[in-house]
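Chain residues, written in single-letter form:
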Amino acid sequence: MSVSMHPTLQKRFASFTDLTPIEFHALWGHSDAQFLEGRMLHSLILNQPQYWLSIPDRTLAGLWTFGPKFHGRVQETTLLTMIDDVTGELAYHVYLATQTDNKYIGFTVNLRMDKHTNVGAVAREFYFEAQAVDVEGRKVGVECRVFDARTSAVLMTARAMFVFMSLAQISKRSANTQSVPYEMQPQISSSCDIDTDLRGLDRVMNFLPPNTVTHSNGSLNTHTRTLVVGLDFGPNISGPPIYVHGGILATVLYNASELLFAKSLGVEDDLINASVRDVNYYKGVPLECRNVTIDASVETQDEKQVVVFAKLMQGPHVFTTLKTTFTLQSSTSSKL
């Protein structure tokens, strides 16, 4: 490995006896339309990831190193996006090793991330281990652990479930919305507009160009603890072909949830602690999709935690949902 890892992680990596180096996105091909390719690698935000694969062990290990154009702390949602990407890559390798038909495209249907340690302000190198633990037909479940490569601290663990579908099934799924939750799209109230606060949603992550996602309008009601935001998605942010990367969908939902949590409960930014993020993907969001709405609300609250539920919608159909558990610190809970 080109990065000098902590001795504990070096031992973990050495314990794998049959890992083979593989090319990043080896099975997907390379395209500037892909989020990681076009937005991160080519912009020198992320160095070329180093991956090692073991098909017998159904394991993928490797390193993510953020490059010279990256500024500021690595956000947890950035690592969630990387987890979504790498678990998907492992799921593809495992699926193709067990199936003869390669005409299927994999989609994340669920991703849950549990945080263990805060990401350090100077952390730039991250070591991960992903393993497929549940393989049944066209379903592949993957578990992943992410470490600070320099300190060996476990930052987060995650579990993802992927389903592989044919192009015909994808087209049918897009046309038949019976499997997609049906709800009434909320209305944005002009009386509660907080446009200046919503500008932070535009950037999605703190190192991306501002045209990745843009919001058209939005409102937040601190009495009902609800937030509604209108969004438009830009180009070159795909995960699966023609669809927005699942990490971006989770990120905009989390950004909205964090904003609602902070504003409605009066919590300062440095006291926000999201311990669990649980994402469900019901339907792919096409690239450059317009007039998409986020509907977020505080679902439950007690003296230890607050749960915010957010939905990404268009018309009556829900694309993606995120349930975020915010853990309250003693200084915060005493004020509520």
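Everything discussed here concerns the structure shown above.
Cut-offs applied
Residues numbered from 1 in each chain as written. Predicted model: local features only at pLDDT ≥ 70, side-chain atom pairs only at ≥ 80, totals over all residues. Heavy atoms only, no water. Buried < 20%, exposed > 50% of the residue type's maximum accessible area, 1.4 Å probe, protein only. Helix = DSSP H or I, 4+ residues; strand = E, 2+ residues; numbered from the N terminus. Pairing = 2+ DSSP bridges. Polar contact = N/O pair within 3.5 Å; in protein donor to acceptor, adjacent residues only side chain to side chain. Contact = heavy atoms within 4.5 Å. Phe/Tyr/Trp six-rings, centres within 6.5 Å; stacked < 30°, edge-to-face > 60°. Expected span 1.5 Å × (residues − 1). Salt bridge = Lys/Arg side-chain N within 4 Å of Asp/Glu carboxyl O.

Caption draft 1: Looking closely at the pairing of strand S6 (residues 139-148). For S6, the buried fraction is high: 7 of the 10 residues fall into the buried class. Sheet topology note: the strand S5 (residues 125-136)/S6 ladder contains 10 bridges and is antiparallel. Residue Val 135 lies in a different strand from S6, and its bridge partner there is Val 140. With antiparallel pairing between neighbouring strands as the criterion, S5 and S6 make up a hairpin whose turn holds 2 residues, including Gly 137 at a positive phi of roughly 60°. Examined bridge by bridge, S6 and strand S7 (residues 154-166) share 9 bridges and lie antiparallel to one another. Bridge assignment links Glu 143 to a residue of S7, and that residue is Arg 159. Connecting S6 to the antiparallel partner S7 that follows it, the hairpin turn spans 5 residues, and Ser 152 within it adopts a positive phi of roughly 75°.

Caption draft 2: Main features of the side chain of Asp 84. On the secondary structure map, Asp 84 appears in helix H3 (residues 76-98). From its side chain, Asp 84 meets the backbone nitrogen of Gly 247 in a polar contact 3.5 Å long. In this structure Asp 84 touches Thr 108, Leu 111, Phe 162, His 245, Gly 246 and Gly 247, once residues within four positions along its chain are discounted.

Caption draft 3: Expanded view of the packing of aromatic side chains. Following the criterion strictly, the structure yields 12 aromatic pairs and no others. A ring pair is formed by Trp 64 and Phe 128, whose centres lie 4.7 Å apart and whose planes are at 20°; its orientation type is stacked. Separated by 64 residues along the polypeptide, Trp 64 in strand S3 (residues 59-65) and Phe 128 in strand S5 bring together distant segments of the chain. Residue classification places Trp 64 among the buried positions, given a relative accessible area of 0%.

Caption draft 4: Layout of unusual backbone geometry. Not every positive phi belongs to a glycine, and Asn 236 is a case in point at roughly 55°. Looking at where Asn 236 falls in the secondary structure, it is placed in the loop between strand S9 (226-233) and helix H6 (246-265). Overall, Asn 236 belongs to the partly exposed group, its relative accessible area being 34%. Although it is not a glycine, Asn 291 sits at a positive phi angle of roughly 55°. Position of Asn 291 among the secondary structure elements: in the loop between strand S10 (274-281) and strand S11 (292-301). Classification of Asn 291 as exposed rests on a relative accessible area of 59%.

Caption draft 5: Up close: the pairing of S5. In this sheet, S5 lies alongside S3 in antiparallel orientation, the contact comprising 7 bridges. Bridge pairing links Thr 65 to Glu 125 in S5.

Caption draft 6: Region of interest: the environment of Val 306. Relative to the helices and strands, Val 306 resides in strand S12 (residues 305-314). A residue is classified by how much of its surface remains accessible, and Val 306, at 0% relative accessible area, is buried. A sequence separation of 32 residues divides Val 306 from Ala 274, and the C-alpha atoms of the two residues are 9.4 Å apart. When neighbours within four sequence positions are excluded, Val 306 is seen to be in contact with Phe 261, Leu 265, Val 298, Thr 300, Gln 301, Thr 324, Thr 325, Phe 326 and Leu 328.

Caption draft 7: Quick look at H3. For H3, spanning 23 residues, the distance from its first C-alpha to its last is 33 Å, which sits close to the expected 33 Å at 1.5 Å a residue. Of all the 23 residues making up H3, 20 are buried; the element is thus mostly covered by neighbouring parts of the structure.

Caption draft 8: Layout of the pattern of salt bridges. Inspection of the entire model under this criterion finds 9 salt bridges. Here Lys 323 makes a salt bridge to Glu 299, at a shortest N to O gap of 3.3 Å. Of the two residues, Lys 323 is situated in strand S13 (residues 317-327) and Glu 299 in strand S11; the sequence distance between them amounts to 24 residues. Residue Lys 323 is classed as partly exposed on the basis of its relative accessible area of 36%. For Glu 299, a relative accessible area of 41% translates into the label partly exposed. What emerges from the salt-bridge pattern is a single network uniting Glu 76, Lys 115 and Arg 277.

Caption draft 9: Just the environment of Arg 124, in detail. Residue position: Arg 124 is located in the loop between strand S4 (104-115) and S5. Taking the C-alpha atoms as reference points, Arg 124 and Phe 70, separated by 54 residues in sequence, lie 9.1 Å from one another. In contact with Arg 124, other than residues within four places in its own chain, are Trp 64, Thr 65, Phe 66, Phe 70, Gly 72 and Val 74.

Remember that the coordinates give geometry; whether it matters functionally is a separate question.
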